[in-house]
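Listed below, chain by chain, are the residues.
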Amino acid sequence: MSTPHPPQVEAADAMAPGDRTPGRARPRRSGTSPARDFGPGFLVKLALMALINALGVWIVLAAWNVGSYGILAGMVVILLAVNIVYFSRRTLPMKYILPGLIFLFAFQIFVVVYTVFVAFTNYGDGHNSTKQDAVEFLLIDNERRVEGSDAYQVSVVEQDGGALGLAVVTGSGDVRVGTAEEPLRTVEDGTASDGRVTEVPGFTILERGAILERADEVTELRVPLSEDPEEGSLRTQDARNAYVFRSALEYDESEGVMRSLVDGTVYSPSEDGFFVSPDGEQLSVGWRVVVGAENFVTAFSDQRYAEPFVKILLWTFAFAFLSVVTTFLLGLFFAITFNDPRLRGRKIYRTLLILPYAMPGFLAALLWAGLLNRRFGFVNAVLLNGAEIPWLTDPTLAKLSIIGVNLWLGFPYMFLICTGALQAIPEDLTEAAKIDGAGRIRMWRSITLPLLLVSTGPLLISSFAFNFNNFTLVYMLTQGGPRFTDTSAPLGHTDILITMIYSVSGLDGSAPRDYGLASALSIVVFIIVATISALAFRRTRQLEEIN
Amino acid sequence: MRRSIPFVAVALGAALTLSACGGAEEPEAAEPTTEETAEEEAPEGDAETLTIWVDETRQAAVEAAAADFEAETGATVELVQKNFDDIRPDFLAQVPTGEGPDITVGAHDWLGGLTANGVVAPIELGDAAEGFEQVALEAFTQDGQVYGLPYAVENIALIRNTDLAAEAPATWDAAVAAGQAAGTPYPILIQMGETGDPYTMYPFQTSFGAPVFVQNEDGSYTPELALGGEAGTAFATWLQQQGAAGVLDTAVTYDVAVEAFANGESPFIIGGPWMIESFEGLNLAIDPIPAAGSQPAQPFVGVAGFYVSAQSENALLANDFLVNFMATEDAQMALYEAGGRPPALIAAADTASADPITAGFRAVGADAVPMPSIPEMGSVWEFWGVTEAQIVSGAAADPAAAWEQMVADIQAALDAA
């Protein structure tokens, strides 16, 4: 019969050949543990471990180079664990579990932890990066070209000490040169041709290649026009042209505040990640900060979403439930029909029925959106002879269409698992029932259905959880439409919770993006789905007791 | 020996796991390696790599300009082809991680969002600025700073099939009358779809005097809504009338409209230069969009250009490439020939205007208004089109009320943001 506690069974199976018998027997036979036995198996293991270690060390080095210390630390831990586990004799169960554990951490636990972390930050539009990035942008953004100032063709020069400088020719033909420390000064014996300086005593003119080598220094170089900072400084963005720029902002590293160079206003960092002046003016770009439970409060306090939220929650439940029920019933019906040995060509029918399952969901949804177009869709235009039935634009019909399309997409899966489950029901049970005089309906109710539900129950629950978050179908088929006409939020009759989150947190571009809010709402949806799944699993456990 | 099989399996599993982890890190790991080699080779002058994001319609043209650039500076240009719709979100997400490109192609209306997130750097065009169309430069200007190098100006106009309608209509009513006189299934084709198309409808809205935002004197937009009021309701009422008369139809999507026009099913279609290649074999003329209200019908102008990342490690190369290699007539003409979008550089646009179609779009564009690039615009689109579609389809029975509701909803969304 179906295995009620699969993990234990698998573990026991796995132990059987390795640990219990030969594992213990071998050392006794002349002390050849697999770690010391230089047989072909050990050599293969050694080669694979060498490969893994090489790969791991390469990743560690690469992570070191880019300064990704989190990845570096994680990789070192993984490498140590792998080597200990596979070269030790006492860690046999871990040898089987470790790869799975690593996957679990990399693709599940890390993602979940990161989502939870984001839910407590204000990551989103206006708070897109770190404070350092925000400072950098504010500084470059507030450095403006002095209006009406001259444009120069510039030569990048290197002083004998190695310091970089800029050399330009003024309108009157003077050659002027300066570095970051020394303001621009006129040199008598410099030469120039075509408006570009070609020679300055005490400096070498850098060639293109040498400039590119020190590109960062060149872009950061500011040569003051004079001792008076008000006049601005010469700066080049492309090492060909230079203009006079003046900064309006200055970052005070020691205090962590922005200071205006125009009027001396101090902008200090606020709690929600902006530079704010004492009278409340804030600089345009902020950074990511932890805001605590604020996102959860926003999620439940925005009045515009209160009413549509209830409707959407109910529809989400209805959609997920109806999707599971309809696909299961249709799949079951076909499974029973094609399970009858009297039917000829069963294999061909079965193959044909599985076809919708082989199609990518989003493609099928797009296809159906076209088929169901009010005027030009195949369904209306050809099948219904030009009837203009608003399949996707009438609130009720749109809901029916979505469930219908999901039925088309989903029944092959149910058909597959029901066929498998039906074929697994032992003949002797049905025979025994027949002998006991049970009728067809009685047999179905007392034997087939319960046994079927035992094996398909968990799959039905997972199907429910999947459809609860079936973003692709809704987004591709109706995009949540038709819109509610009586609410102020851009939400529609076929929106489910996950598409609502997508829209509310601006990921579709309709509002400022707010990854923090999106993560917070996703956690709420996760809690709903997890609760329902847990309750449902408890119910199926009761079913198992029928066995 | 029995033991080696599970061993091999497990070790293989671990190898796969690790290589999977490794695979995820590869983009990060790849960068230092190129840099390292760059540093080693630097004395030869063959230095840095410039990464540029382009979409498929611009790749060939940028490649040509990049070849000149590589030859002259010795730098390497790496083009990454991306889906145009993915560029903005990816740029916003990846620039802060240091994984973004040095330069990306983009539309001017992204500007507000890009600056609000600090991912784009200003560029100084210097004297080159004078060579560009005024509207193109203004579109990339915010608060006095230029943030992108414009390369193409595009706008919609009335595309006329000269075999079906000999003259350009002066007003909307004249256009509809001419379309009905032509005896084709559609008097005039305007794409809409079930969620509306406010971009295509905008010239009609402006003809009623209801622009989306209040404009400053210098052409920039303020976040103050202007699409409500009497002018707005007049437009809404007009939408309903045209919907009831069957001239506007929400079942007409872009594909439907283009195909119908290509089959000669209407003398007029409202659309942009991107449609033209679908209309091969038709005799076309480009006319101003006929006004439905009492004011001129002004479509939106979209300007395409190149942005420099605020976190670019090759800012010098990036600026050099844009200012000195992409702002040239040759480069702008190459982009024009690759994508068919009228160039933003006046000299190139003049050359391109030898083609009457391009000249026609350019003439209409001269009176057009730039699409707002302020971040508030995102909240408008979401309500705008759907409301228009609801009014046209009759789902919203009272057009004035629906329009006012929309304005209130947009205002609420702006206030909440």
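Everything numeric in this text was worked out from a predicted model, so none of it was measured. (Residues numbered from 1 in each chain as written. Chains lettered and ligands numbered in written order. Predicted model: local features only at pLDDT ≥ 70, side-chain atom pairs only at ≥ 80, totals over all residues.)

Now for the overall build of chain A. From N to C terminus, chain A includes 18 helices and 15 strands. In terms of C-alpha radius of gyration, chain A reaches 35 Å, well past the compact-globule figure of 24 Å for 547 residues. Taken along the three principal axes of its C-alpha coordinates, chain A extends 120 × 85 × 45 Å. Counting the 547 residues in chain A, one finds 32% classified as buried. (Helix = DSSP H or I, 4+ residues; strand = E, 2+ residues; numbered from the N terminus. Rg over C-alpha atoms; globule rule 2.2 N^0.38 Å. Buried ≥ 20, exposed ≤ 12 C-beta atoms within 10 Å, placed from the backbone.)

What chain B contains, in helices and strands, is 15 helices and 14 strands. For chain B, the proportion of contacts with a sequence separation of at least 24, taken over those separated by at least 6, is 75%. (Contact = placed C-beta atoms within 7 Å.)

For the rest of this paragraph, the subject is unusual backbone geometry. Residue and element names in this part refer to chain A. Here the phi dihedral of A239 falls at roughly 65°; this positive angle occurs in a residue that is not glycine. Residue position: A239 is located in the loop between β10 (233-236) and β11 (241-247). The buried category is assigned to A239, around which 24 C-beta atoms lie within 10 Å. Here the phi dihedral of Q479 falls at roughly 55°; this positive angle occurs in a residue that is not glycine. One can find Q479 in the loop between α16 (471-477) and α17 (497-504).

Bringing the domain arrangement of chain A into the picture now. Structurally, chain A comprises domain 1 (1-28), domain 2 (33-119), domain 3 (147-247) and domain 4 (302-544). The distance between the C-alpha centroids of domain 3 of chain A and domain 4 of chain A comes to 68 Å. (Domains from an automatic or database assignment.)

Here we take up the sheet that holds strand β8 (residues 157-161) of chain B. The pairing of strands in a sheet comes from backbone hydrogen bonds and takes either a parallel or an antiparallel form. Residues and elements named next belong to chain B. Here we have three strands laid out as an open sheet, ordered β11-β8-β12, and antiparallel in their pairing. Both edges of this open sheet fall to β11 (268-271) and β12 (284-287), since each of them pairs with a single strand only. Going from strand to strand, the sheet's axes swing by 30° on average, the running direction of each strand aside. (Pairing = 2+ DSSP bridges. Axes fitted to C-alpha atoms, helices over the stretch in contact; angles between N-to-C directions.)

Counting 162 residues, the largest nonpolar core has L166 of chain A together with L322 and M326 of chain B as the members making the most contacts within it. Sorting elements by how many residues they give to this core places helix α10 (residues 315-326) of chain B first, with nine residues. Of all hydrophobic cores here, the second largest spans 50 residues; its members include L332, L473, I496 and L497 of chain A. (Core = buried A, V, L, I, M, F, W, Y, C linked by C-beta atoms within 7 Å.)

This part takes up the environment of I103 of chain B. All names here are of chain B. Counting through the fold element by element, I103 comes out in strand β3 (residues 103-107). The spacing of I103 and A310 is 207 residues in sequence and 9.6 Å in space, taken between C-alpha atoms. Non-local contacts of I103, meaning those with residues more than four positions away in its chain, are made with L50, I52, F306, Y307, V308, A318, F321 and L322.

Residues and elements named next belong to chain B. Partitioning chain B into structural domains gives domain 1 (44-154 + 302-370) and domain 2 (157-298 + 375-416). The C-alpha-based centres of domain 1 and domain 2 are spaced at 29 Å. The interface is formed by 17 residues belonging to domain 1 together with 15 residues belonging to domain 2. Of all the secondary structure elements, the ones that give two or more residues to the side of domain 1 that touches domain 2 are α4 (111-116), α13 (356-366) and β14 (369-370).

A word on the packing of helix α10 (residues 346-358) of chain A against helix α13 (residues 395-424) of chain A. Residues and elements named next belong to chain A. Here α10 crosses α13 at 125°, and the two axes come no closer than 7 Å. When the interaxial angle is binned, α10 and α13 end up oblique. α13 is crossed by α10, and the crossing has left-handed handedness. Across the interface between the two elements, L353, I354, P356 and Y357 from α10 touch W408, L409, P412, Y413, F415 and L416 from α13. (Parallel < 35°, antiparallel > 145°, perpendicular 65-115°, else oblique. Left-handed = near helix turned anticlockwise from the far one by under 90°.)

On to the sheet that holds strand β12 (residues 249-252) of chain A. Residue and element names in this part refer to chain A. In space, the four strands of this open sheet follow the order β12-β13-β14-β15, with antiparallel pairing throughout. Looking at strand neighbours, the two that pair on one side only are β12 and β15 (275-276), the edges of this open sheet. With two bridges joining them, strand β14 (residues 266-269) and β15 adopt antiparallel strand pairing. In the sheet register, P269 faces β15, and the bridge partner there is F275.

Let us now look at the pairing of strand β4 (residues 175-179) of chain A. Residue and element names in this part refer to chain A. For β4, the buried fraction is high: five of the five residues fall into the buried class. Here β4 shows a buried face lined by V175, V177 and T179 and a second buried face lined by R176 and G178. Relative to β4, strand β3 (residues 164-169) runs antiparallel, the two being bridged by five bridges. Note on β4: the bridge partner recorded for V168 is R176. Counting the residues in the hairpin turn of β3 and β4 gives five residues, including G173, whose phi is positive at 95°. In this sheet, strand β5 (residues 185-187) lies alongside β4 in antiparallel orientation, the contact comprising three bridges. Bridge assignment links V177 to a residue of β5, and that residue is R185. Counted along the chain from β4 to the antiparallel partner β5, the turn is five residues long.

The subject of this paragraph is the pairing of β8 of chain B. Within a regular strand, side chains alternate between the sheet's two faces. Residue and element names in this part refer to chain B. With five of five residues buried, β8 is to be regarded as a mostly interior element. Sheet analysis places β8 next to β11, joined by four bridges and oriented antiparallel. Among the inter-strand pairings, L158 is bridged to a residue of β11, identified as I270.

Buried residues dominate α10 of chain B, accounting for 11 of its 12 residues. A315, L316, L317, A318, N319, D320, F321, L322, V323, F325 and M326 of chain B are the residues of α10 of chain B that are buried.

Residues and elements named next belong to chain B. Following the sequence through the fold, N319 ends up in helix α10. A residue is classified by how many C-beta atoms lie within 10 Å of it, and N319, with 26 of them, is buried. Residues N319 and P122, 197 residues apart in the sequence, show an inter-C-alpha distance of 9.8 Å.

With that settled, consider the packing of helix α2 (residues 59-73) of chain B against helix α11 (residues 329-339) of chain B. Each pair of packed helices gets described by two things: the angle between the helix axes and the distance between those axes. Residues and elements named next belong to chain B. Contact pair α2 / α11: the axes reach a minimum separation of 8 Å and the direction vectors enclose 160°. The angle between α2 and α11 places the two elements in the roughly antiparallel class. Where α2 crosses over α11, the handedness of that crossing is right-handed. On the side of α2, the interface is formed by A60, A61, A64 and A65, while α11 contributes A331, A334, L335 and A338.

To continue, consider the confidence of the model for chain A. All names here are of chain A. With 93% of its residues at a pLDDT of at least 70, chain A reaches an overall mean of 84. Here helix α1 (residues 6-28) stands out as the least confident element of chain A, with mean pLDDT 41; α13 is the most confident, with 92. In the predicted structure, residues 1-31 sits below a pLDDT of 50 and forms 20 contacts with residues beyond four places in sequence or in another chain. (pLDDT = per-residue confidence, 0-100.)

Here we come to the confidence of the model for chain B. All names here are of chain B. Taken as a whole, chain B shows an average pLDDT of 84; of its residues, 88% reach a score of 70 or greater. Contacts of residues 1-46 to residues separated by more than four positions or lying in other chains number 64 contacts, the stretch itself having pLDDT below 50. Overall fold confidence for the complex sits at a pTM of 0.79, while the interface term, ipTM, reaches 0.77.

To continue, consider the environment of P150 of chain B. Following the sequence through the fold, P150 of chain B ends up in strand β7 (residues 148-155). For P150 of chain B, a count of 28 C-beta atoms within 10 Å translates into the label buried.

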